[in-house]
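Read off the chains here:
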Amino acid sequence: MSDKLIIFDTTLRDGEQSPGASMTKEEKIRIAKALEKMRVDVIEAGFPIASQGDFESVQAVANTVKDSTVCGLARALDKDIDRAGEALKGANSARIHTFIATSPIHMEMKLRMSPDQVVEQAVKAVQRARRYTDNVEFSPEDAGRSELDFLCRVIEAVIEAGARTINIPDTVGYNVPEQFGGLMRNLIERIPNADKAVFSVHCHNDLGLAVANSLSAVMNGARQVECTINGLGERAGNASLEEIVMAVRTRQDIFPCDTTLDTAQIVPCSRLVSGITGFVVQPNKAIVGANAFAHESGIHQDGVLKNRETYEIMRAEDVGWSTNRMVLGKHSGRNAFRTRLQELGIAFDSEEELNDTFARFKELADKKHEIYDDDLQALVTEVNLEAENEYVKLVALKVCSETGETPDARITLRINNEEQQGQSRGSGPVDATFKAIEAVIDSGADLQLYSVSNITSGTDAQGEVTVRLERGGRIVNGQGADTDIVIASARAYINALNKILAAAERAHPQL
Ligand code: KIV
Ligand code: ZN
């Protein structure tokens, strides 16, 4: 019987620490629901002490997710732990993850604490976290550069104090697989009470070794892996969830454990995270890249046609690449629409929401005759995004673009229930559109990223646009989708603006 490998996803915490990947509470809830649907065991939802926004996001995820454990991060400080305990109150199953650095350089230069003080603070933190939950995780930060004897001492003490998961982070991505696996094995063998805890691994990708190091740790006894969707995370990122899960699943001949994830949710989840953060997935990325299952050379194509196992070690459908069947068209009725969405796991909170989405489906079906599953997913996301747009809504857009002429855009926006118009010229139709929006809003935001990708193939495909705006140090991403990429761009820009305005409203509420 193979052991269970626990998957601890930290997309919403370490992943969000990627510059430019910050997410709103609503976006975090959407991702948390997708992770829950994928049957991720533990969702690290944030760092509650970091800000009021982080606290509220962890609280909202804790109150929404029912089947996965929800975790909050806390330094080994009373105030952090109390804040995490408070944020997690509503969770069905809560975990507090507390950490303190144990490497000589971190203890001396960052904490300015002696090793004895670090052990004492680690033990106190675990004891305090146990007031809130039995499910306490401890991480010796920068374990990958810590001394083995000291690590053994700290870990034995925190297990004694009640930590039930011991996570070994390679915080700076410095380790290499054989050595890191050896570290895991040594810890488990040498610590007398190691059998009272699950050992976990958390690797960063600075040398491109995060997945290899994590798998080496698993081979040497780790039974939890901390990872993120698309490998998002600080600097070069964390170990990617999809690569870990599929490596273990595909090589059951050598791994003594397996996850209980629904791997068919991997691609939808990857797309969701990529759309929300604006971090495009490279085409040759393992598992979730657009080319991951594409065969270009004639020899490979011929082999796959004769027997797919000649060149394929996994099945595309097992990780959620849909065969992209045409599911609906313009003659499809409301019931067929609702049923297909139900099959895709999308439910509506009210009849009104179903009706709005169905009306948008009919508009899309008029422009695009073949509606695929991916189109339906994008449509639902788009309707959700529009519902989130509290301040500015797109009413109408007219853009003139002609060879030899400067493009011109005229836009009508609804701002607090009042229609306002703007006009501008620009170097291209998208530039003119963004300037026309700014002619009305004058937000003072800087455009940091503009990216377009196609949802399905063909020239009638919907374009999915991400816009990243920055104002006063706050960075937000907006999304929009449409068969007309200028309209998709306007929607994405307006979605980002709404987030900036909502943040400003939270900071200075109108009395
Ligand atoms: O990389 C790291 O060390 C961390 C810890 C908080 C686990 O993210
Ligand atoms: Zn980390």
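Computed from a predicted structure; not experimentally measured. (Residues numbered from 1 in each chain as written. Chains lettered and ligands numbered in written order. Predicted model: local features only at pLDDT ≥ 70, side-chain atom pairs only at ≥ 80, totals over all residues. Heavy atoms only, no water.)

S.K.: Would you mind going over the overall build of the protein chain in detail, with residue names and values included?
M.R.: A tally of helices and strands in the protein chain yields 16 helices and 18 strands. With the C-alpha coordinates aligned to their principal axes, the bounding extent of the protein chain is approximately 75 × 70 × 45 Å. Taking the intrachain contacts of the protein chain between residues at least 6 apart in sequence as the baseline, contacts between residues at least 24 apart amount to 66%. With the model as given, the accessible surface of the protein chain reaches about 22900 Å², and the carbon-plus-sulfur share is 48%. Here the protein chain contributes 56 positively and 76 negatively charged side chains, and the mean placements of these two sets differ by 2 Å. (Helix = DSSP H or I, 4+ residues; strand = E, 2+ residues; numbered from the N terminus. Contact = heavy atoms within 4.5 Å. Areas by Shrake-Rupley, 256 points an atom, 1.4 Å probe, with all protein chains shown as cover. Lys, Arg positive; Asp, Glu negative; His and termini not counted. Charge placed at Lys NZ, Arg CZ, Asp CG, Glu CD.)

S.K.: Can you tell me about the pattern of salt bridges, naming the residues and giving the values?
M.R.: This model, assessed by the stated rule, comprises 39 salt bridges. Residue Lys-28 is joined to Glu-16 by a salt bridge in which the shortest nitrogen-to-oxygen separation is 3.2 Å. Residue Lys-28 is found in helix 1 (residues 25–37), and its partner Glu-16 is found in the loop between strand 2 (6–9) and helix 1; the two are separated by twelve residues along the sequence. Judged by relative accessible area, Lys-28 falls into the buried class, the value being 1%. We note a salt bridge from Arg-491 to Asp-482, for which the minimum N-O separation is 3.0 Å. Grouping residues by exposure puts Arg-491 and Asp-482 together as buried. Taken together, the shared-partner salt bridges connect Arg-360, Glu-363, Lys-367, Glu-382, Glu-386, Asp-482 and Arg-491 into one network. (Salt bridge = Lys/Arg side-chain N within 4 Å of Asp/Glu carboxyl O. Buried < 20%, exposed > 50% of the residue type's maximum accessible area, 1.4 Å probe, protein only.)

S.K.: Tell me about the domain arrangement of the protein chain, and name the residues and values.
M.R.: Split into domains, the protein chain comes out as domain 1 (3–277), domain 2 (293–323), domain 3 (334–386) and domain 4 (387–501). Taken over C-alpha atoms, the centre of domain 1 sits 38 Å from the centre of domain 4. If you look at the interface, domain 1 gives ten residues, while domain 4 gives eight residues. Counting the surface lost from both domain 1 and domain 4, the interface buries some 740 Å², and carbon and sulfur atoms represent 33% of this. (Domains from an automatic or database assignment. Buried area = accessible area lost by both parts, 1.4 Å probe.)

S.K.: Please set out a nonpolar patch on the surface residue by residue, giving values where relevant.
M.R.: Taken together, Leu-447, Tyr-450, Val-452 and Ile-485 make up a surface patch of nonpolar side chains, about 310 Å² in accessible area. Ranked by residues supplied to the nonpolar patch, first place goes to strand 16 (residues 446–454) with three residues. Tracing the sequence through the fold places Ile-485 in helix 16 (residues 485–507). Ile-485 sits in the partly exposed class, given a relative accessible area of 38%. (Patch = residues over 30% accessible without salt bridge, like charges linked within 9 Å, V, L, I, M, F, W, Y side chains within 5 Å.)

S.K.: Summarise the sheet that holds strand 7 (residues 165–170); cite the residues concerned and give the values.
M.R.: Ordered by their spatial adjacency, eight strands build a closed barrel running 2-3-4-5-6-7-8-9, and the pairing between neighbours is parallel. Neighbour to neighbour, the strand axes of the sheet diverge by 25° on average, direction disregarded. Judged from the six bridges that link them, strand 5 (residues 94–101) and strand 6 (residues 136–141) form a sheet pairing that is parallel. Residue pairing for strand 6: Ala-101 is matched across the bridge by Glu-141. Here helix 2 (residues 52–64) sits on the sheet in contact with strand 3 (42–46) and strand 4 (69–75), set at roughly 150° to strand 3. Along the sheet, helix 4 (residues 104–111) contacts strand 5 and strand 6; its crossing angle with strand 5, the most-contacted strand, is approximately 85°. (Pairing = 2+ DSSP bridges. Axes fitted to C-alpha atoms, helices over the stretch in contact; angles between N-to-C directions.)

S.K.: Give me the site of ligand 1: which residues, what numbers.
M.R.: The full set of residues close to ligand 1 is Arg-13, Asp-14, His-97, Phe-99, Ser-139, Glu-141, Asn-167, Pro-169, Thr-171, His-202 and His-204. At a separation of 3.0 Å, an oxygen atom of ligand 1 approaches a polar side-chain atom of Arg-13. Within the side chain of His-202, a nitrogen or oxygen atom sits 3.1 Å from an oxygen atom of ligand 1. A total of 260 Å² of accessible area belongs to ligand 1 in isolation, and the protein chains cover 93% of it. Mapped by element, the contributors of at least two residues to the shell around ligand 1 are strand 5, strand 6 and strand 7. Of the residues that constitute the shell around ligand 1, the class distribution is two nonpolar, six polar and three charged. (Near = heavy atom within 4 Å. Polar contact = N/O pair within 3.5 Å; in protein donor to acceptor, adjacent residues only side chain to side chain. Nonpolar A, V, L, I, M, F, W, Y, C, P; charged D, E, K, R; others polar.)

S.K.: Can you explain the pairing of strand 8 (residues 198–203)? Please cite residues and give values.
M.R.: Every regular strand shows the same layout, with side chains that alternate between the two sheet faces. Of all six residues in strand 8, five are buried, a share of seventy percent or more. Pairing between strand 7 and strand 8: six bridges, direction parallel. For Asp-170, the partnering residue across the bridge sits in strand 8 and is Cys-203.

S.K.: Can you break down the side chain of Asp-142 residue by residue, with the values?
M.R.: Mapped onto the elements, Asp-142 comes out in the loop between strand 6 and helix 6 (148–161). In this structure the side chain of Asp-142 is engaged in a polar contact, spanning 3.4 Å, whose partner is the side chain of His-106. Beyond its immediate sequence surroundings of up to four residues, Asp-142 is in contact with Ser-103, Ile-105, His-106, Pro-169, Thr-171 and Val-172.

S.K.: Got a sec to walk through the UniProt feature "binding site: Mn(2+)" (unreviewed entry) in the protein chain? Specific residues and values, please.
M.R.: When the UniProt feature table is mapped to this numbering, "binding site: Mn(2+)" (unreviewed entry) covers Asp-14, His-202, His-204 and Asn-238. Taken along the chain, the residues just named run across 225 residues; in space they keep tight, none of their C-alpha pairs more than 10.3 Å apart. By secondary structure assignment, the location of His-202 is in strand 8. Within the secondary structure layout, Asn-238 lies in the loop between strand 9 (224–227) and helix 9 (241–250). In this view, Asn-238 contacts Thr-10, Asp-14, His-202, Cys-203, His-204, Ala-210, Thr-228, Gly-231, Leu-232 and Gly-233; residues no more than four positions away in its chain are not counted. A polar contact is formed between the side chain of Asn-238 and the side chain of Asp-14, at a distance of 3.3 Å. (UniProt positions renumbered as here; feature names shortened; annotations may be inferred.)

S.K.: Tell me about the nonpolar core, and name the residues and values.
M.R.: Among the nonpolar cores identified, the biggest contains 94 residues, and Ile-166, Ile-168 and Phe-199 are the most heavily contacted of them. At eight residues, the largest contribution of residues to this core is made by helix 6. Two domains each donate at least three residues to this core, and these are domain 1 (3–277) and domain 2 (293–323). Not counting the four nearest positions on each side in its chain, Ile-166 is found in contact with Phe-138, Ile-155, Val-158, Ile-159, Ala-197, Val-198, Phe-199 and Ser-200. With 28 residues, the next largest nonpolar core counts Val-392, Leu-413, Ala-445 and Ala-488 among its residues. (Core = buried A, V, L, I, M, F, W, Y, C linked by side-chain atoms within 4.5 Å.)

S.K.: Quick rundown of the packing of aromatic side chains? Include the residues and the values.
M.R.: Given two aromatic rings, their pairing is described by the distance between the two centres and the angle made by the two planes. The full count for this structure, using the stated rule, is six aromatic pairs. Members of the aromatic cluster, connected to one another through ring pairs, are Phe-337, Phe-358 and Phe-361. Arg-83 extends its terminal NZ or CZ atom over the ring of Phe-55, reaching a point 3.8 Å from the ring centre. (Phe/Tyr/Trp six-rings, centres within 6.5 Å; stacked < 30°, edge-to-face > 60°. Lys NZ or Arg CZ within 6 Å of the ring centre and 35° of its normal.)

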